[in-house]
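Spelled out from the first residue to the last, the chains are:
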Amino acid sequence: MSDMSREEAIKNLNALNAILGNKDFYDKEFEESIRMGREALENQKTGHWILADKQSPEDVSNDNYRYICSECDHSDIQSKAVTVPYCWFCGAKMEGE
């Protein structure tokens, strides 16, 4: 995965759209793909995992814990040793605490 920022990615998508916009193979599907990619980057949620107050003894004994997404409140069972970078439910990028 690249360390490119969201702003750099949007700038690159805009530049790609401008460069390829006049080519013969350019079509409406390509334009729509660029637009959707740009919107996804511009509107991407960011959040963090919150350790849930209540934990299952069985999960804890297996070194797994229930975390809650700060954006959508859905929970996920995760190991403390692994950082899950995105919420499986809302797609928020998890950026620290």
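This one's a predicted model, so the numbers in the text were calculated from it and none came from an experiment.

Chemist: Please provide a residue-by-residue account of the overall build of the protein chain, values included.
Modeler: Helix and strand content of the protein chain: three helices and five strands. When the elements of the protein chain are put in sequence order from the N terminus, they spell out α-α-β-β-α-β-β-β. For the protein chain, buried positions account for 20% of its 97 residues. Residue pairs in contact within the protein chain that sit at least 24 positions apart in sequence constitute 37% of those at least 6 positions apart. If you sum the accessible surface of the protein chain, you get close to 7,200 Å²; carbon and sulfur atoms cover 50% of it.

Chemist: How would you explain the nonpolar core if you had to name every residue and give the values?
Modeler: Residues Trp49, Tyr65, Tyr67, Cys69, Val84, Cys87, Ala92 and Met94 constitute the largest nonpolar core, which totals eight residues. Tallying contributions element by element places strand 3 (residues 64-69) first for this core, with three residues. Excluding anything up to four places from it in sequence, Tyr67 contacts Trp49, Ile50, Leu51, Ala52, His74, Ser75, Asp76, Gln78 and Lys80.

Procedures and definitions
Residues numbered from 1 in each chain as written. Predicted model: local features only at pLDDT ≥ 70, side-chain atom pairs only at ≥ 80, totals over all residues. Heavy atoms only, no water. Helix = DSSP H or I, 4+ residues; strand = E, 2+ residues; numbered from the N terminus. Buried < 20%, exposed > 50% of the residue type's maximum accessible area, 1.4 Å probe, protein only. Contact = heavy atoms within 4.5 Å. Areas by Shrake-Rupley, 256 points an atom, 1.4 Å probe, with all protein chains shown as cover. Core = buried A, V, L, I, M, F, W, Y, C linked by side-chain atoms within 4.5 Å.

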